[in-house]
Structure formats: structure tokens, C-alpha cells
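# Structural characterization, general
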Amino acid sequence: MTMASPARPAPEELVTVIITTSPTPSAPSTELLEQIAASFRKHCASLIHCRVIVVLDTYDHVSKKPRLKKGHVTPDSAAKYADYKANAKRLILKEYSSTERPYGTGDLVKAQEKAEFGSGAAAYASQDNAVVMNITTTKDGRVTFVEPVQRLGFGLAVRSALRMTVTPYVWIQQHDWALVTDIPLGSLLQIMQQHKAQPSAEQEDKENNEILPEAVRPPVEYVCFPSIRMMEYATSDHVMLYPALRALTQLHKQNFTVQSESEDGTAVTSRVPLTPLFLWHDKPHLASTSHYLNQVFYSRIAIQRGAFIEDTVGHLARDEMKQGKWNRWACWLYYPDEGKHLCLRHLKGRTWRGVEAELAAKLEYMRLNGLDVNVQVPN
């Protein structure tokens, strides 16, 4: 399908980048965030010029053994985290500054908000079910930092940032995924603008109660990008073992044709390959702000404190998609080279200790095993 392209807002005016970060073994170093920023500049420069909201989440418990996904950190990690947050703020302000908009930590405006949540868990029964968040924002509103006094977890971190978002689209970015290939952000946004979900997108056959997929203009509300485990997704067991998912893939997988103009006014045609995706993933993705709030965060009990979207609502979405209700979620996967082209690299934030610490560990491994320094050490 082909779409004409009149003059359109630049991607950086349509998208807010939401970065979530939390305690990591590499703190107080900001090397993870630096790698993400470098990948933005190399593979999707518009993301460095967008509005940005950084959620600097905290931890729940200090213990001898770290369990970062559960919010447990060591005393050493807890001691370093305040420095990490200060370093992260300086880095983001530097990366998102420009000659016209130089930012400094002294230019931030302070505020407070609350992130309410719901849970039937006894552990939360005596709590107010709301987390206070300290907000600091540049005077032009383009850079925002969110620091909760209690751990939010990824799900509530995203929802809190979405509620502060003023753009129609968001790029969700965890702190340990980097881009490794060019992303056609402008073309993807054009497709999403032309393929918004409609109230009549699902049409139910009254006789046999089957959900009939929208074949003519499938909605595009969420686009994820392939990591190593999502290569050749359309022909993987995640799809092929389920008749409804196979049928939806055969019906909707396509190259969207986008027409635009170059700087000299020449017409440019590009093709963007997308295939239906059957899980709402947490890894980096582009999504409609309103769709996110209405579909994923439909009430305060949708996500518990500390929970991940993919582990909760994501699987609810997949169950509905198996019943043929994929267009309610409208999830797609960017699919260059028939899924053989990798777009994301995982930086292993829960275990990676930073360049210096990793090098020291390798040298110690070599010493203990009597290896020569020129011998390649296993990763």
C-alpha cells in the first residue's frame, strides 16, 4: 500500500524518548547509557533531538546477594547509586544539549508527583499504594528526570513517564539495549499515523462468534525491533505452532511503501518491512502514547509495583492474539531482510560491571589459570 507524504513534523517533534534505568553492577559509571546514546547518534540521530524522560528507579532491599530484577542490591551497589544518578543526569543533559539549548544541572525546575498502583498482595495491604516521585525538568520541558522514593519497577516507570508525555508517540528504551542498525524512524511514524486503530477495527461474526481480522488497513500502534532471539520471527515456533498467529502473519506481513521528499524536493519512495508481533515486549520499541495508556495501563491495577509489562500484560496480550484479537494490540516487528537482520544488542546490564571491572576480572582469570596475557580469554 502506498501513502503520499505532505509536509510533516520532524520525528523529534512527534516522539518522546523514555529511558528507564536502575541499579547496575557498573554503577557509578554511565557506560551503559553512553553506549545507548552513541547508538542513537549512529543509527537514529533523531532520538538524540527528541524530548527525553529518564526514570532513575531505585531499589527495594539491601542484601548480600543481588537480585536486580527483584529490586535487591548489595551494600556496595546501594552506596554507589546516588553517584550514578548524578552522573546519569549530567550525561543526559550533555547529550541532549545543543548550541541553541545548552543544559546544566542548575537549570532544572523541581516538582513532585505520585505513581499510584493497585495490588491484592498482602505485602502492600498496609501501604498507601502510591509512590512519591521527585521530578526535575529543564525550563523548556524537553529533558525530565524522575526519581521515585520507592522502587517502581519497569511497568510503573513507563506508565509514570507516559503520563508526563506531550507527544503522540514514545520510544521506550531500557538502559541495556543498543541499536546496531539504522532505524527508519520517520517512515515508521508515517506508517503509524496512516494506520491508527479504529473503533471498528474488530468485526465480530455474530453467527459463529469468530473475530475477523481487519484485512484492508491493519492498525500499527507498536513497533518493536529484532534482537537475536527474534530473528526470522515470522517462521519461528512463536508463530508457526499456532493456527491463528500463522493466519494473521500470512494476512498482514508486508512491505509498507512510504513516499516522502528529499531536501531538494525530489520524490523518494522507501519500503518498510513489518510482520505482526504476538507479544508486547519490553525491549526498545516505538508506540502510540494514547494506545499505550488505554491498552496497557487501562487501570491502576493493570501493573503492580515492581512488575514488568512483558511478564504481565504482555502475556495477556499474547493470549488474546491467539484468539484472533491481534488488532486490539496492533503490535508489529520491524523485519528487514526477512528477519535475518539484527537491530538490537543486549548489553547485559544486570551482570556487566563496566570496562575496567570486566578487564580486571579477565586478568584475574588469566592469573588463576596460568594463562599468558596474549591468550584470548573466554567471554
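Residues numbered from 1 in each chain as written. Predicted model: local features only at pLDDT ≥ 70, side-chain atom pairs only at ≥ 80, totals over all residues. Heavy atoms only, no water.

Labelled according to an unreviewed UniProt entry, the chain appears under the name Alcohol dehydrogenase, originating from Podospora pseudopauciseta.

In terms of regular secondary structure, the chain is built from ten helices and 18 strands. Taking all 379 residues of the chain together, the buried fraction comes to 50%. Contacts spanning at least 24 positions in sequence make up 75% of the contacts within the chain whose residues lie at least 6 apart. About 18500 Å² of surface is accessible on the chain, with carbon and sulfur atoms providing 49% of the total. (Helix = DSSP H or I, 4+ residues; strand = E, 2+ residues; numbered from the N terminus. Buried < 20%, exposed > 50% of the residue type's maximum accessible area, 1.4 Å probe, protein only. Contact = heavy atoms within 4.5 Å. Areas by Shrake-Rupley, 256 points an atom, 1.4 Å probe, with all protein chains shown as cover.)

Summary statistics for the chain give a mean pLDDT of 86 and a share of 82% for residues scoring 70 or more. In this model, residues 200-214 is a region of pLDDT below 50 whose contacts with residues beyond four sequence positions or in other chains number 24 contacts. (pLDDT = per-residue confidence, 0-100.)

Per the counting criterion, the structure on display carries eleven salt bridges. Between Asp-60 and Arg-305 there is a salt bridge, with the nearest N and O atoms lying 3.1 Å from each other. You can see Asp-60 sitting in the loop between strand 3 (51-56) and strand 4 (61-62) and its partner Arg-305 sitting in the loop between helix 8 (289-296) and helix 9 (313-322), a full 245 residues away along the chain. For Asp-60, a relative accessible area of 27% translates into the label partly exposed. Overall, the relative accessible area of 9% leaves Arg-305 in the buried class. Glu-338 is the partner of Lys-253 in a salt bridge, and the nearest nitrogen-oxygen pair spans 3.0 Å. (Salt bridge = Lys/Arg side-chain N within 4 Å of Asp/Glu carboxyl O.)

Before going further, it helps to spend a moment on empty space enclosed by the protein. Enumeration over the complete set of coordinates arrives at one cavity of 30 Å³ or more. Along the walls of the largest cavity sit Ile-19, Leu-33, Ile-36, Ala-37, Phe-40, Ile-48, Ile-92 and Tyr-96, which together make up its complete lining. Considering each element in turn, the lining of the largest cavity owes the most residues, four residues, to helix 2 (residues 31-43). Looking at the lining of the largest cavity, its residues break down into eight nonpolar, no polar and no charged. (1 Å grid on protein atoms, 1.4 Å probe; cavity = no way out; pocket = protein on both sides within 12 Å on 5 of 7 lines; lining within 4 Å. Points joined across faces, edges and corners; volume = space filled by probe spheres on them. Nonpolar A, V, L, I, M, F, W, Y, C, P; charged D, E, K, R; others polar.)

This next bit is on the packing of aromatic side chains. Applying the stated criterion across every chain, the model contains twelve aromatic pairs. Seen from their ring centres, Phe-256 and Trp-332 are 5.5 Å apart, and the 80° between their planes marks the pair as edge-to-face. Taken as a pair, Phe-256 in strand 14 (residues 254-261) and Trp-332 in strand 17 (residues 331-334) lie far apart in primary sequence, 76 residues in all. With respect to class, Phe-256 is no different from Trp-332; both count as buried. (Phe/Tyr/Trp six-rings, centres within 6.5 Å; stacked < 30°, edge-to-face > 60°.)

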